[in-house]
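Residue-level structural notes
One letter stands for each residue in the lines below.
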Amino acid sequence: MTVYVAGGLGNQLFQLAAGWEQAARLGCSLYLDVSHTRVAGTWTYALGPLAHPGRVLDRRESPWTSRRFSSRHVYPVPRRIGAVQQRVRLERDAAVYDPEIDSIRSGTFLVGYFQSALYFSGIAAAFEVALREAGSDPDEEEYLQQLRDDPRTTLHLRRGDYLAAPGQPLVASVDYAMRAANLLRDLGESRPLRVFSDSIDVVRGELDGRGLDIEFADESRLNGPFGTLRAMAAGRGMIMSNSTFSWWAAWLMRGADPQARIVAPRPWNESGSARADRGGRDWIGLDARPGRDSGSRP
């Protein structure tokens, strides 16, 4: 069983989880093809600190390579004609869980994002343990305990690459965040906000003068992105960004506190798709388009 690893950490976690689930079901080995991450201008392999059963294929071992076909798309192709004997399973619809994945056999090459918790329900407990332990150290644990002792609502506002990406508008705006905070207050959750962002100076300016009770997380005390995930999950509720990184933090938070309220933006991207499998069944969907002021269940 081989998984094609692509995208940022959030996407790579979904791909690993889906492959791990299928390898466990089939009782076979799991391999990670990272040829996509070696193409100039794409994401790097980010799963190194995570303990998992997969083995990264050396470039010489994999019969696959990756080629850029446009400014936005990189695809796997056989290294040479006739070299690939694997069956290829392409994700059919990125918005909807496909139960037919459980019909694949050992030796399949999985290509897709598989962004639903339904793809890894069997190994979810092991995956949660791996996420909570990845790259952690005593200094970080001391800071995480401080966050747990001062419970706040996590607010994640992703900017970074979204600022320039043509197909990913910034739906998780400050307007959305303020409406989400008001909604949580109306539901009896009146804790102050703890803010995380990959563009902290940009977000600091956006939040200035908004009258919100906030503090910014000290990410210098965290051990990379896995530490940031754990710190985000240390809250008692969460206002998500339209980001798979947000998704994993919310999932971890719910693992520790099944009653934590999660507010997720809708629509997830410019297509306006409901992306029904993205959120948990009782996460609160809040319309993130400008001028909207109501929440709805996913």
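Source: prediction; values computed, not measured.

Details of helix α6 (residues 224–233)
With eight of its ten residues buried, α6 lies for the most part within the structure. Along α6, the positions that sit buried rather than exposed are F226, G227, T228, L229, R230, A231, M232 and A233.

Describing the packing of helix α1 (residues 9–26) against helix α7 (residues 244–256)
It is the contact of α1 with α7, at a shortest axis distance of 7 Å, that shows an interaxial angle of 60°. Relative to α7, α1 is oriented oblique. Pair α1 / α7 crosses with left-handed handedness. Taking contact as the criterion, the partners of L9, G10, N11, L13, F14 and A17 in α1 are, on α7, T244, F245, W247 and W248. Along the lines of polarity and charge, the residues of the contact of α1 with α7 split into seven nonpolar, three polar and no charged.

Notes on unusual backbone geometry
Phi at F114 is positive, roughly 55°, even though this residue is not glycine. Considering the arrangement of structural elements, one finds F114 in the loop between β7 (108–111) and α2 (124–133).

Quick notes on the pattern of salt bridges
A complete count under the given rule lists 17 salt bridges for this structure. E140 is the partner of R230 in a salt bridge, and the nearest nitrogen-oxygen pair spans 2.7 Å. Of the two residues, R230 sits in helix α6 while E140 sits in helix α3 (residues 138–149), which places them 90 residues apart along the sequence. A relative accessible area of 0% means that E140 is categorised as buried. For the salt bridge of D150 with R152, the shortest nitrogen-to-oxygen distance reads 3.2 Å.

A word on the pairing of strand β8 (residues 153–156)
Neither face of β8 is left uncovered, since the one carrying T153 and L155 and the one carrying T154 and H156 both have all their residues buried. Here β8 pairs with strand β9 (residues 193–196) via four bridges, running parallel. In the sheet register, L155 faces β9, and the bridge partner there is V195. Sheet analysis places β8 next to strand β11 (residues 237–239), joined by two bridges and oriented parallel.

Notes on the environment of D287
When you line up the elements, D287 lands in strand β13 (residues 284–287). It is 9.6 Å that separates the C-alpha atoms of D287 and A172, two residues lying 115 residues apart in sequence.

Let's talk about the environment of A95
Tracing the backbone through its elements, the reader meets A95 in the loop between β6 (87–90) and β7. Counting along the chain gives 183 residues from A95 to R278, while the straight-line C-alpha distance between them is 7.6 Å.

A short note on the packing of aromatic side chains
Going through the model one piece at a time under the given rule, you end up with 16 aromatic pairs. With a centroid separation of 6.4 Å and 10° between ring planes, the pair formed by W247 and W251 is classed as stacked. Placement of the pair is W247 and W251 together in helix α7, with a separation of four residues, close to one helical turn. When its relative accessible area of 3% is taken as the criterion, W247 is described as buried.

Let's talk about the sheet that holds strand β2 (residues 30–33)
Taken in spatial order, the five strands make up an open sheet running β3-β2-β1-β7-β6, and their pairing is parallel. Edge strands, defined here as strands with exactly one partner in the open sheet, are β3 (54–56) and β6. Across this sheet, the average inter-strand angle for adjacent strands is 25°, counted without regard to direction. Bridge count for strand β1 (residues 2–4) against β7 is two bridges, and the pairing is parallel. Bridge pairing in β7 places T2 opposite F109. The strands touched by α1 are β1, β2 and β7; relative to β2, the strand with the most contacts, the crossing angle is about 155°.

Conventions adopted
- Residues numbered from 1 in each chain as written.
- Predicted model: local features only at pLDDT ≥ 70, side-chain atom pairs only at ≥ 80, totals over all residues.
- Heavy atoms only, no water.
- Buried < 20%, exposed > 50% of the residue type's maximum accessible area, 1.4 Å probe, protein only.
- Helix = DSSP H or I, 4+ residues; strand = E, 2+ residues; numbered from the N terminus.
- Axes fitted to C-alpha atoms, helices over the stretch in contact; angles between N-to-C directions.
- Parallel < 35°, antiparallel > 145°, perpendicular 65-115°, else oblique.
- Left-handed = near helix turned anticlockwise from the far one by under 90°.
- Contact = heavy atoms within 4.5 Å.
- Nonpolar A, V, L, I, M, F, W, Y, C, P; charged D, E, K, R; others polar.
- Salt bridge = Lys/Arg side-chain N within 4 Å of Asp/Glu carboxyl O.
- Pairing = 2+ DSSP bridges.
- Phe/Tyr/Trp six-rings, centres within 6.5 Å; stacked < 30°, edge-to-face > 60°.

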